[in-house]
Amino acid sequence: MKLIAIVGTNSARSTNRKLLKFIQTHFAEQASIELVEIDDIPAFNEPSDRQAPTQVQILSDKILSADGVIISTPEYDHSIPAVLKSVLEWLSYTTQPLIDKPVLITGASLGSLGSSRAQAHLKQILDAPEIKARIMPSAEFLLGHSGQAFDDEGQLTNSEKVAELEIIFAEFIQFVEITNQLLAAQTKTKQAFSWK
């Protein structure tokens with residue numbers, strides 16, 4: 001299975017990046033996971049030609065070719081970072097690669113709540129008609145006090161959080177497989193339909 005993992009911030013010292021790198025290595029035998037940075041994507045400016053900048057097109061192509069997407073977001077002022085919102089605005093306004101794409105949301109924060117409000121906000125955004133991602137229901141991975149959560153080798157040190165993440169990731173793999181099978185079946189049904 002091929003997944004992409006989007007670091008939902010442009011912070012150079014983000015613990016969300018550490019979390020996604022841990023996911024990438026910890027689940028390497030279950031999926032090929034490519035980390036994607038968004039720090040070089042310009043701010044959304046609603047171009048009249050609706051053409052995506054090169055960096056947005058590259059990200060869009062990666063999303064389209066992946067079986068599923070993981071987005072890890074910090075929480076800034078009870079919401080997602082402006083840079084992540086801007087990227088999602090680019091995608092919804094131009095290429096719309098997240099339509100029907102299975103998505104898992106994770107989040108790490110230095111505080112105790114682990115980006116819970118930002119994750120709720122991100123779910124609302126991903127449910128917008130122009131984005132319309134298939135968000136994995138009833139699942140969230142919240143990593144609070146993330147500044148102390150990793151050792152020097154980037155390993156998540158809390159065994160209970162590792163076990164929780166393993167359960168969620170296994171469920172996401174199933175969710176991706178079932179979602180993509182359903183979408184493929186719907187496509188075949190539409191192609192086979194005829195008014196004659």
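Refer to the preceding data block for the structure.
Residues numbered from 1 in each chain as written. Predicted model: local features only at pLDDT ≥ 70, side-chain atom pairs only at ≥ 80, totals over all residues. Heavy atoms only, no water.

Digging into unusual backbone geometry
Positive phi values are uncommon outside glycine, yet Glu 46 reaches one of about 50 degrees. Here Glu 46 shows up in the loop between strand S2 (32–36) and helix H2 (54–65). A positive phi angle, near 55 degrees, is found at Ser 138, a position not held by glycine. On the secondary structure map, Ser 138 appears in the loop between strand S5 (134–135) and strand S6 (141–143). (Helix = DSSP H or I, 4+ residues; strand = E, 2+ residues; numbered from the N terminus.)

A short note on helix H3 (residues 82–93)
Because an α-helix completes one turn every 3.6 residues, residues spaced three or four positions apart along the sequence face the same direction. Across its 12 residues, H3 extends 16 Å between first and last C-alpha, which sits within 8% of the 16 Å expected from 1.5 Å per residue. Of all 12 residues in H3, 9 are buried, a share of seventy percent or more. Every buried residue of H3 is accounted for by Val 83, Leu 84, Ser 86, Val 87, Leu 88, Trp 90, Leu 91, Ser 92 and Tyr 93. Those residues of H3 that are buried lie in contact with H2, strand S3 (68–72) and helix H4 (116–126). (Expected span 1.5 Å × (residues − 1). Buried < 20%, exposed > 50% of the residue type's maximum accessible area, 1.4 Å probe, protein only. Contact = heavy atoms within 4.5 Å.)

A look at the layout of surface pockets
Its boundaries defined by the atoms lining it, the largest pocket holds a volume of some 230 Å³. Surrounding the largest pocket, 15 residues form its lining, Ser 11, Arg 13, Ser 14, Thr 15 and Leu 110 being those nearest its centre. Here the lining of the largest pocket gets 3 residues from one element, more than from any other, and that element is helix H1 (residues 15–26). (1 Å grid on protein atoms, 1.4 Å probe; cavity = no way out; pocket = protein on both sides within 12 Å on 5 of 7 lines; lining within 4 Å. Points joined across faces, edges and corners; volume = space filled by probe spheres on them.)

Here's the deal with the side chain of Thr 106
Looking at the secondary structure, you find Thr 106 in strand S4 (residues 102–108). At a separation of 2.9 Å, a polar atom in the side chain of Thr 106 contacts the side chain of Ser 72. Not counting the four nearest positions on each side in its chain, Thr 106 is found in contact with Leu 19, Leu 20, Ile 23, Ile 70, Ile 71, Ser 72, Thr 73, Gln 119 and Phe 141. (Polar contact = N/O pair within 3.5 Å; in protein donor to acceptor, adjacent residues only side chain to side chain.)

Some remarks on the pattern of salt bridges
Under the counting rule described, the total for this entry stands at 6 salt bridges. Note that Glu 75 and Arg 117 form a salt bridge whose closest N and O atoms lie 2.9 Å from each other. Residue Glu 75 is located in the loop between S3 and H3, and its partner Arg 117 is located in helix H4; the two are separated by 42 residues in the primary sequence. The class of Arg 117 is partly exposed, set by a relative accessible area of 36%. A salt bridge links Glu 89 to Lys 85, with the shortest nitrogen-to-oxygen separation between them at 2.6 Å. Of this pair, Glu 89 and Lys 85 both sit in helix H3, 4 residues apart, which is roughly one turn of the helix. Judged by its relative accessible area of 25%, Glu 89 is partly exposed. The class for Lys 85 is partly exposed, based on a relative accessible area of 29%. (Salt bridge = Lys/Arg side-chain N within 4 Å of Asp/Glu carboxyl O.)

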